[in-house]
Amino acid sequence: MRENWQERFAETPDVLLGARRQRTIVPVLDFAVGGDEFVTMAGPCSVETERQLMATAYHVLSAGARVLRGGAFKPRTSPYAFHGLGLEGLKLLAKAREATGLAVVTEVMSECDVEMVAEYADILQIGSRSMENYTLLEAAARSGRPILLKRGMVATIADYLRSAQVILSSGNPHVILCERGIRTFETAMRNTFDAAGIALLKEVTHLPVIADPSHASGHRDLVPALARIGVAAGADGLLVEVHPDPDKAWSDGEQSLDFAEFDAMMEDLAPWIALRKHSWGQRHTAEARALEAVG
Ligand code: PEP
Ligand code: MN
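These numbers come from a predicted model, not from an experiment.

A.B. asks: Outline the overall build of the protein chain, supporting the account with residue identities and numerical values.
C.D. replies: Scanning the protein chain for helices and strands turns up 10 helices and 10 strands. Over its C-alpha trace the protein chain gives a radius of gyration of 18 Å, about what one expects of a compact globule, namely 19 Å for 295 residues. Once the C-alpha set of the protein chain is aligned to its principal axes, its extents read approximately 55 × 40 × 40 Å. A buried classification covers 54% of the 295 residues belonging to the protein chain.

Here it is in structure tokens:
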């Protein structure tokens, strides 16, 4: 018998695609996530210096990115690692937006910082470690900014949908899901990229889904392949770490692309993105017809 996803995830009705099959398109500045445009979000793991951020922003813009990523508040595995520049980092991100026109996505880790981060960011990122912090989710939702909700590293799809439901129930419809790899028994890679998870999320929810090949693999050599898989699985965009000199990065250098590697990845992805646009158009037409039939 065919799985009834609506029944399986009945606990989170607002995230489900449902009979009307109307998908959420999240507006950001002068573009949108979840529509026919594939949206690349790129930048360093952490905001380090003005020079580093500006150089990266101009570069990713020239290669087709729409959004600049960069952490000012960093959740780190080690308590002794760099934890981000905080407000100074947010100000640098805003400066880079002003200079390049790129939108800014950056993580908010505490509900106490939501107001401040929302003042500088166009999209609030909820990190993997915070996915189940419902107080933070509610506060972030109330800011009115679009929310990039990363999947918890040990979260099932049902857990993940519950967190998305919390944001929607708090009155914010603009949720972007992000598959960033999950913990499995495999240790050769930082995480295990759940490409099937992307396909499933696109099948059962109406929310845009993006892929993060950087955290999913933990190795820069694997990032272009995972990005390609993400597009093929149905992702609406990418979140990818790029640094002018990855070996000197203050965080996640081993999984960050340098500028030449980012350019090569974007070039390689172009035909895959064109294919996605074609199938997006077909799906959109089919869904519009189904919608008319429902009345
Ligand atoms: C990040 O995007 O830099 C990050 C910390 O990601 P995650 O929450 O997925 O580990
Ligand atoms: Mn990172």
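A.B. asks: Any chance you could break down the coordination of the manganese ion (ligand 2) for me, citing the residues and the numbers?
C.D. replies: Those donors, C45 (SG), H215 (NE2), E241 (OE) and D252 (OD), are the protein atoms that reach the manganese ion (ligand 2), and they lie 2.0 to 2.4 Å from it. Positions of the donor residues of the manganese ion (ligand 2) along the chain correspond to the pattern C-x169-H-x25-E-x10-D. Placement of C45 in the loop between β3 (39-43) and α2 (50-62) and of D252 in the loop between β10 (237-241) and α10 (259-294) is noted, with a sequence separation of 207 residues between them.

A.B. asks: Go over the site of ligand 1 with me, naming the residues and quoting the values.
C.D. replies: Around ligand 1 lies a shell formed by C45, R69, K74, E107, Q125, G127, S128, R129, K150, R180, H215 and E241. Here an oxygen atom of ligand 1 and a side-chain polar atom of E241 are 3.3 Å apart. Considered class by class, the residues forming the shell around ligand 1 number 1 nonpolar, 4 polar and 7 charged.

A.B. asks: Describe in detail the nonpolar core, supporting the description with residues and values.
C.D. replies: Counting residues in each nonpolar core, the largest one holds 86 residues, and the members touching the most others are M41, L149 and M265. In terms of residues, this core owes the most to one element, helix α6 (residues 157-169), which gives 7 residues. Setting aside chain neighbours within four positions, we find L149 in contact with I126, M131, L137, Y160, S163, A164, I167, V175, I176, L177 and C178.

A.B. asks: Let's hear about the packing of α6 against helix α7 (residues 195-204): which residues, and what values?
C.D. replies: Where α6 meets α7, the axes come as close as 12 Å, and the angle between the chain directions of the two elements is 50°. Taken together, the axis directions place α6 and α7 in an arrangement best described as oblique. Crossing angle aside, the handedness with which α6 passes α7 is right-handed. On α7, the residues that touch I157, Y160 and L161 of α6 are G197, L200, L201 and V204. Each residue belonging to the contact of α6 with α7 can be placed in one class, and the counts come to 6 nonpolar, 1 polar and no charged.

A.B. asks: Summarise α2; cite the residues concerned and give the values.
C.D. replies: Taking 1.5 Å per residue as the helical rise, α2 with its 13 residues ought to reach 18 Å, and the 18 Å between its terminal C-alpha atoms agrees with that figure. Along α2, the positions that sit buried rather than exposed are Q52, L53, M54, T56, A57, H59 and V60. G64 sits one or two residues past α2 and shows a positive phi near 110°.

A.B. asks: Please set out the environment of S256 residue by residue, giving values where relevant.
C.D. replies: Take S256: it is sitting in the loop between β10 and α10. Of the residues examined, S256 reaches a relative accessible area of 1% and is grouped as buried. Sequence separation between S256 and Y120 is 136 residues; the distance between their C-alpha atoms is 24 Å. Aside from chain neighbours lying at most four places away, what touches S256 is R220, E241, H243, P246 and E261. Separated by 2.7 Å, the side chain of S256 and the backbone oxygen of D252 make a polar contact.

A.B. asks: I'd like a description of the environment of M131, backed by residues and values.
C.D. replies: With respect to the helices, strands and loops of the structure, M131 is situated in the loop between β6 (123-126) and α5 (134-142). For M131, a relative accessible area of 1% corresponds to the buried category. Other than its neighbours up to four places away in sequence, M131 contacts I126, L137, L149, K150, R151, G152, A155, D159, Y160 and S163.

A.B. asks: Tell me what's going on with the side chain of R151, and back it up with residues and numbers.
C.D. replies: As for its position among the elements, R151 is in the loop between β7 (147-150) and α6. A distance of 2.7 Å separates a polar atom in the side chain of R151 from a polar atom in the side chain of D194. Setting aside anything within four residues of it in sequence, one finds R151 in contact with S128, M131, T156, I157, Y160, C178, E179, R180, I182 and D194.

A.B. asks: I'd like a description of the pairing of β10, backed by residues and values.
C.D. replies: Summarising burial for β10: 5 of the 5 residues are buried, a large majority. Where burial is concerned, the two faces of β10 agree: the one with G237, L239 and E241 and the one with L238 and V240 are both buried. As paired strands, strand β9 (residues 209-211) and β10 are joined by 2 bridges and run parallel to one another. Bridge pairing in β10 places I210 opposite G237.

A.B. asks: Before we move on, can you summarise the pattern of salt bridges with the specific residues and values?
C.D. replies: For the coordinates displayed, the defined rule picks out 19 salt bridges. For R162, the salt bridge goes to E11, with nearest N and O atoms at 2.6 Å. You can see R162 sitting in helix α6 and its partner E11 sitting in the loop between α1 (5-8) and β1 (26-28), a full 151 residues away along the chain. A relative accessible area of 26% places R162 in the partly exposed class.

Reading guide: rules and limits
Residues numbered from 1 in each chain as written. Chains lettered and ligands numbered in written order. Predicted model: local features only at pLDDT ≥ 70, side-chain atom pairs only at ≥ 80, totals over all residues. Heavy atoms only, no water. Helix = DSSP H or I, 4+ residues; strand = E, 2+ residues; numbered from the N terminus. Rg over C-alpha atoms; globule rule 2.2 N^0.38 Å. Buried < 20%, exposed > 50% of the residue type's maximum accessible area, 1.4 Å probe, protein only. Donors = N, O, S within 2.8 Å, 3.2 Å for Na, K, Ca; no water. Near = heavy atom within 4 Å. Polar contact = N/O pair within 3.5 Å; in protein donor to acceptor, adjacent residues only side chain to side chain. Nonpolar A, V, L, I, M, F, W, Y, C, P; charged D, E, K, R; others polar. Core = buried A, V, L, I, M, F, W, Y, C linked by side-chain atoms within 4.5 Å. Contact = heavy atoms within 4.5 Å. Axes fitted to C-alpha atoms, helices over the stretch in contact; angles between N-to-C directions. Parallel < 35°, antiparallel > 145°, perpendicular 65-115°, else oblique. Left-handed = near helix turned anticlockwise from the far one by under 90°. Expected span 1.5 Å × (residues − 1). Pairing = 2+ DSSP bridges. Salt bridge = Lys/Arg side-chain N within 4 Å of Asp/Glu carboxyl O.

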